[in-house]
Structures are given as structure tokens and as C-alpha cells.
Amino acid sequence: MDVSWTLWVLTILGLSALIAVDFFIGRKPHDVTTKEAGIWTIIWIALAALFGLGLLVFGESQASGEFFAGFITEKSLSVDNLFVFVLIMAKFSVPSHLQQRVLLVGVLIALVLRAVFIAAGAAVIANFSWVFYIFGAFLIYTAWKLIQEARADEEEEEFEENRLLKTIERRFGVADRYHGTKLFIRNNGKRVLTPLMVVMLAIGTTDVLFALDSIPAIFGLTQDPYIVFTANAFALMGLRQLYFLIGGLLKKLVHLSYGLSVILGFIGVKLVLHALHESGVHVPEISIPVSLGVICGVLVITTITSLIANKKQEQADTAEEADGAAAEKGSSVDA
């Protein structure tokens, strides 16, 4: 897709305007209700759909298909981010009425960092086609690693601050409590960070780790930097509302890691086939419609099996509690 600088500027201005409207509406700290989160989630998904349809209307059918495949992939991978966001919020004991501000700024930091990743990835791909072998192998390895982690019976996870975050905290110092929406305060004449600023940086910088697999994944679906950037932008900007909408349902998606591993593995194979094709080897390439169908199919199946497994587990827990209560009652009668 041939994108002019004018279109790039207009797109960035349009996205910035949407972010500004979102920030203006939610500028006052408050507890986000499920209804509010649901409405904004629908709005962001609708805006992404309109953008994709706009590409189709203006004659870019391939770009439209690539955008939808990329958006759905990034959206599904971003759901995995929410698990870590929950851990971060708990680690820093973020007040509920400040969580939406944390997520808004944290996601903006993540979007800027991802833009840097995308620009670097596009430059590397443009000059070194063999990088597709590395991207493909990395995604297949990540898929295998996700399966291993999903099968492991791990204890409750805790968020561990990355090295960059620890360095910032040591350099500037951190206040001992939250001060509303303030990011810096004066403490004994020294300017220090508030915990709110620290948790915003934690959200933004931690997302970089997720970008290590999501950016190669979307480059496996399209090599167009414009599509890669816009798909990431729309997926990330709706992440804040998705956090409040399905935060309580995350634990029910017990098979999510398996679904994501299948998607990453599939795209990894697609990248390797594309690399072989670029090297002159006659191998079949996976089309965008097929990719879109596989991604959507995997997500639907994963969601259904997760809900079924969760329901069976709840029934088993209920039966176990009933048996325990009956046994306790019987022992008290014998006594």
C-alpha cells in the first residue's frame, strides 16, 4: 500500500484526536463501571472496523484484509497483557479510581515504544529479507514456550519490576503514598516520583516485552508499516476499557495461552514459508483470508473450550464442598 506523508500525518492527527477525546471524557478520576467500559470497548472496535472498511472502500482490499487480520491478532495477544496489568495494579496497590488514568498513560507510553519497534522492524525487513527466518523461528519458539507455561502447574504469579524501572526509582526516588493524580511531588526539597508515575512507567515498559512477539507476529501477516502501526494503535487504545470489562473474566479463559500459542506458531510457519518463497524456493504461501479464518477460528474454539472447562471446574468444586459439608455434618452427629 502506497502511503503518502500526508496520509501518515492525517492518521496520526486523527488517532491523537481520538485519544484526546477519550482522555477529556475520563479526565476526572473515578471507578469505571462495566457499562462505561462496555460502551467504550464497542466504540473502539467500531472505529477499528470503520477504518478497515474505509481501506476496502478506497480500493485497498488486500490492505483491508491485512488490517483486520493484524488487528484481531494484536487484540487477542493484548488480552494476555491484561494478566500482567492486574499483577501490576495489585503490586502497587493502585486505588480503583486512579486505575483508568494509569492505564491511559501507560498504554500511550506503550504505543510510542511500539512505534519505535515497528519503524526498526520495517527498516530491517526492507533491507534483509532473511530476517523472516529469524522472526518465524522466534514465533515458533514462543508458541512452544507458551504451551510449556500453560501446562506447568505454577503458583500465584507476582509482578517483578524490570531493570529500567528499578534504575528510575533509584535515580529519582519514590514517595511513600499516592498524591491524587500528581506524578511528581516535593519531598524535603527534593523532587520525587509518586507511585502513580511509577506504575504508569511499569505498564508502558512492561508492554515492550509483549511487543517482542506481537510485532514479529503482525509482520508475518503484513509487511506494510502503515497497517502494522494502525492495527497496533487500535488494538492498544481499546485495551484500557477491555481491562475493566473482562478483568474479572480473565481467570475463566483457562485455554487462552494454548490458543495464542497456536496463533503464534501458525504465523511463525507462515513467515518461514514466506522467507523460503523470497529465497526462490517454490513453496505454497498462506493467504490473508486463510490467516484471518485460522486466527478467528482458534479464538472462538479457545473461548468455548475455556468456558466449558471453567464450568466443569465450578461444578466439581461445588460437589466437593457439598461432600465436605455432608461429611462434617455426619461427624458432628456421631459425636
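Structure's up top.
Thresholds applied
- Residues numbered from 1 in each chain as written.
- Predicted model: local features only at pLDDT ≥ 70, side-chain atom pairs only at ≥ 80, totals over all residues.
- Heavy atoms only, no water.
- Helix = DSSP H or I, 4+ residues; strand = E, 2+ residues; numbered from the N terminus.
- Phe/Tyr/Trp six-rings, centres within 6.5 Å; stacked < 30°, edge-to-face > 60°.
- Buried < 20%, exposed > 50% of the residue type's maximum accessible area, 1.4 Å probe, protein only.
- Lys NZ or Arg CZ within 6 Å of the ring centre and 35° of its normal.
- Pairing = 2+ DSSP bridges.
- Core = buried A, V, L, I, M, F, W, Y, C linked by side-chain atoms within 4.5 Å.
- Contact = heavy atoms within 4.5 Å.
- Salt bridge = Lys/Arg side-chain N within 4 Å of Asp/Glu carboxyl O.

Asker: Explain the environment of Asn310 to me, please; I cannot follow it from the model alone.
Answerer: Position of Asn310 relative to the elements: it lies in helix H11 (residues 288-334). Residues Asn310 and Val254, 56 residues apart in the sequence, show an inter-C-alpha distance of 7.3 Å.

Asker: What is the right way to read the packing of aromatic side chains from this model?
Answerer: Centre distance and the angle of the planes are the two values used to describe a pair of aromatic rings. Tallied over the entire structure, the rule returns 10 aromatic pairs. When the centroid spacing of 5.2 Å and the interplanar angle of 90° are considered together, the rings of Trp8 and Tyr226 count as edge-to-face. Here Trp8 is found in helix H1 (residues 5-25), whereas its partner Tyr226 is found in helix H8 (residues 225-237), with 218 residues between them in sequence. Relative to Tyr226, the ring of Phe51 lies with its centre 6.2 Å away and its plane at 40°, an arrangement referred to as tilted. One end of the pair, Phe51, is in helix H2 (residues 34-57); the other, Tyr226, is in helix H8, and 175 residues separate them in sequence. Accessibility assignment for this pair places Phe51 and Tyr226 in one class, buried. One aromatic cluster is present, formed by Trp8, Phe51, Phe67, Phe68, Phe71, Tyr226, Phe229 and Phe234 through successive ring pairs. Over the face of the ring belonging to Phe172 we find Arg171, whose NZ or CZ atom lies 5.1 Å from the ring centre.

Asker: What should I look at first to understand unusual backbone geometry in this one?
Answerer: Leaving glycine aside, a negative phi is the common case for residues, and trans is the common case for peptide bonds. Located in the positive-phi region is Ser93, a residue other than glycine, with phi close to 50°. Within the fold, Ser93 resides in the loop between helix H3 (61-91) and helix H4 (99-127). Relative accessible area serves as the criterion here: at 55%, Ser93 is assigned to the exposed category.

Asker: Just to check I follow, could you spell out the pairing of strand S1 (residues 184-187) for this structure?
Answerer: Two faces make up the sheet, and in a regular strand the side chains alternate between them. Relative to strand S2 (residues 190-193), S1 runs antiparallel, the two sharing four bridges. Each residue of the ladder has a partner; that of Ile185, found in S2, is Val192. The antiparallel pairing of S1 with S2 creates a hairpin that spans two residues between the two strands, and Asn188 there sits at a positive phi of about 55°.

Asker: Looking at this structure, how should I read the nonpolar core?
Answerer: Soluble globular proteins: nonpolar side chains tend toward being buried together. One finds Phe67, Phe85, Ile88, Phe92, Val94, Val102 and Phe234 to be the most contacted residues of the largest nonpolar core, which totals 83 residues. Beyond its immediate stretch of four places on either side in the chain, Val102 contacts Met89, Val94, Leu196, Val199, Met200 and Ile203.

Asker: What am I meant to see in the pattern of salt bridges here?
Answerer: Think of it this way: side chains of opposite charge can pair up when their charged atoms draw near. Per the counting criterion, the structure on display carries one salt bridge. Notably, a salt bridge pairs Glu74 with Arg114, separated by 3.1 Å at the nearest N-O pair. Highlighted residues: Glu74 in helix H3 and Arg114 in helix H4, separated in sequence by 40 residues. The buried category is assigned to Glu74, whose relative accessible area is 2%. A residue is classified by how much of its surface remains accessible, and Arg114, at 4% relative accessible area, is buried.

Asker: How do you make sense of the environment of Leu111 when you look at a structure like this?
Answerer: Of note, Leu111 is situated in helix H4. The exposure class assigned to Leu111 is buried, which follows from its relative accessible area of 11%. Along the backbone, Leu111 and Pro195 are 84 residues apart, and their C-alpha atoms lie at a distance of 21 Å.

Asker: Looking at this structure, I do not really get the environment of Ala175. What am I missing?
Answerer: Mapping Ala175 onto the fold places it in the loop between helix H6 (163-172) and S1. Each C-alpha atom of the pair Ala175 and Ala309 lies 44 Å from the other, and the pair is 134 residues apart in sequence. The contacts of Ala175, once residues within four sequence positions are left out, are Ile185, Val192, Leu193, Thr194 and Pro195.

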